[in-house]
Amino acid sequence: MSAPARNAPSRNVGRATLGAAAYAVTVFLLLPTLVIAPMSVGPERYLRFPPAGFSLRWYREYFGDADWINATLFSLEAGVIATLAATVIGTMLALALVRGRLPGKGLVELLVIGPVIVPHIALAVAMFLVFEQLRLTGTLLGFAMAHTILALPFVVFTVLAALYRFDVDLERAALSCGAGPFRTFRHVTLPLIAPGVVSAALFAFIISFDEAVVSFFISNLDRKTLPRKMFEDIDYNVSPTLAAVATMLTLLTVAALVGSHLVKSRLDRRTRTNPPSS
Amino acid sequence: MTARPKAWLLGGRHYSTAASLALAAPFLVLALVTFILPLASLLHESLFLPAPTLTHYQRALTEPVYLRVMLRTLRIAAAVTVLTLILAWPLAWVMARSSGLKLAVLVASVLLPLWTSVLVRTYAWMVLLQKNGVVNQLLIGSGIIDQPLTLLYTEGAVVLAMSHVLLPFMVLPIYSALRGIPEDYGRAAQMLGASEWATFREVIFPLSLPGVTSGCLMVFLLALGFFVTPALVGGPRQMMIATLVSQQVREMLDWSFAGALVGVLLAFVLLLVLIFKRAVRLDRFVGSA
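What counts and how
- Residues numbered from 1 in each chain as written.
- Chains lettered and ligands numbered in written order.
- Predicted model: local features only at pLDDT ≥ 70, side-chain atom pairs only at ≥ 80, totals over all residues.
- Heavy atoms only, no water.
- Helix = DSSP H or I, 4+ residues; strand = E, 2+ residues; numbered from the N terminus.
- Rg over C-alpha atoms; globule rule 2.2 N^0.38 Å.
- Buried < 20%, exposed > 50% of the residue type's maximum accessible area, 1.4 Å probe, protein only.
- Contact = heavy atoms within 4.5 Å.
- Areas by Shrake-Rupley, 256 points an atom, 1.4 Å probe, with all protein chains shown as cover.
- pLDDT = per-residue confidence, 0-100.
- Buried area = accessible area lost by both parts, 1.4 Å probe.
- Salt bridge = Lys/Arg side-chain N within 4 Å of Asp/Glu carboxyl O.

Here we take up the overall build of chain A. Each helix and strand in chain A was counted, giving twelve helices and zero strands. The secondary structure elements of chain A, listed N-terminal to C-terminal, are α-α-α-α-α-α-α-α-α-α-α-α. Here the C-alpha atoms of chain A give a radius of gyration of 24 Å, more than 25% beyond the 19 Å that 2.2 N^0.38 yields for 278 residues. The principal-axis extents of the C-alpha atoms in chain A amount to approximately 75 × 70 × 35 Å. Looking at chain A as a whole, 54% of its 278 residues qualify as buried. The long-range share in chain A, meaning contacts at least 24 apart out of those at least 6 apart in sequence, stands at 70%. A total of about 12,800 Å² of accessible surface is found on chain A, and carbon and sulfur atoms cover 65% of it.

Encoded structure:
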């Protein structure tokens, strides 16, 4: 704080209070999740803070339990398929919305944002009703479809943002030089929106891997995702194995966010070395 | 090579109607099977089975047991909205006035919880709030209380845990609104003699209102239909509408009534979205992530 601050002591107090409040809120945001990690390495059957010692017992429990591992693998499968599907379908739709002439565009946009606005419980129960008749409950296809529609809005909006960010003259130039729409997309558009597409894919994966409400309804006893398994276990007991799973999931999220940030800034830098447009 | 661009290149719309439809087709098919058809069937179930009737809706809106659940849902959603607004505003303000490492730390502290599993965060609150949980241990250890308090399975616990889960949805839109306000505005107001409080009340807060509206709407809508956190942290006594829907489907197998509850929920959500149409801006979340 420089000289004028002398005249306004109340101003400094106000600023300091606001700053302190803000940091208190970040502690509120982060602490609950982070407190789980030390507790997960405690040796006892009950969660304690601070832990009474160090043991990887509950991590071994997780890796040794077929039910946990199967649920995790199933979540990974569904997540990978949903990510690929949402990224491809979402990118195609974003192109149609920005660069195409789509009849009923407003309605399509409403349909895209639908799964975000409609409460997930409504979607979950509705999908359960129809998936049961289509024999899709408990199937990989069913989960992949459900997770794809839930992740799509995020993909579409990320890719739309990326499409708006670059100069459409670059595409026009390619087209008027004789490249067809496919070559233009492959060699001009795709490289320019790549950072957006990659981060969209990562978020689609997190959304799918994390989705609990719809999974809760469209799973059955032998085919369930990790969140569904966690939901069941939390309901019965607050066990240390769950703390170990929660800690690993948190680490995975941190890795995904850091990864997304690195990929994005690297690709951004790469595309920025192109001659600047306009 | 012609100097004049062809007509179909103008405005950047280089795909024909047929090509656009082809690009959108996979989405439209998927949306039909996973979104339109399911919701339509469920609402059909609530209105026409076994015969055209409004009795399910009447039951949902008049029987005291269900009315209580609806009112509790509205009350909790409103409380969560107010609490997240109070917590989010100062954080969003400090974020908007930060840069470099400080901003990175603050943004990370909002985005990490946003992307961390809702189940993990709910589980964390259960661990913290249970009878021999961390909060009770701390309170007893510091001599404030000598008997552990019942914290879990209360309405307060539901509001607290839901606020934690939904807080990022309030911070991000307010942050994006505040970031758009030039710092000069505040300075100008103070040079013209406004006090710090008057500057906040007359200039800064009004300019943050688009973000506040957007955040409140998002949090309120998400809170209304929230399933995981209230079901686990609230237990059966603090039942909200989502848990009631789940119970009707899984335990009572009463699809028509569940459909009517969903119909009421959807009508409410749509009404809010129509009123605040301009505040629903998903790009705010995606853009900042």
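After presenting the structure, the write-up continues.
Residue and element names in this part refer to chain A. The pLDDT averaged across chain A works out to 86; a share of 91% of its residues lies at or above 70. Within chain A, helix α6 (residues 120–133) carries the highest mean pLDDT (96), whereas helix α8 (residues 169–176) carries the lowest (82). Confidence drops under a pLDDT of 50 for residues 1–7, and excluding neighbours within four residues, the segment shows two contacts in the predicted structure.

Next up on the list: the side chain of T158 of chain A. Position of T158 of chain A among the secondary structure elements: in helix α7 (residues 140–165). T158 of chain A sits in the buried class, given a relative accessible area of 9%.

On to the interface of chain B and chain A. At the junction of the two partners, chain B supplies 88 residues and chain A supplies 95 residues. Where chain B abuts chain A, roughly 8,500 Å² becomes buried across the two surfaces, and 80% of that area is made up of carbon and sulfur atoms. Together, F27, W115 and Y123 of chain B form the three largest contributors to the area buried by chain B at its contact with chain A, with a combined 10%. At the boundary of chain B with chain A, the tally comes to zero salt bridges.

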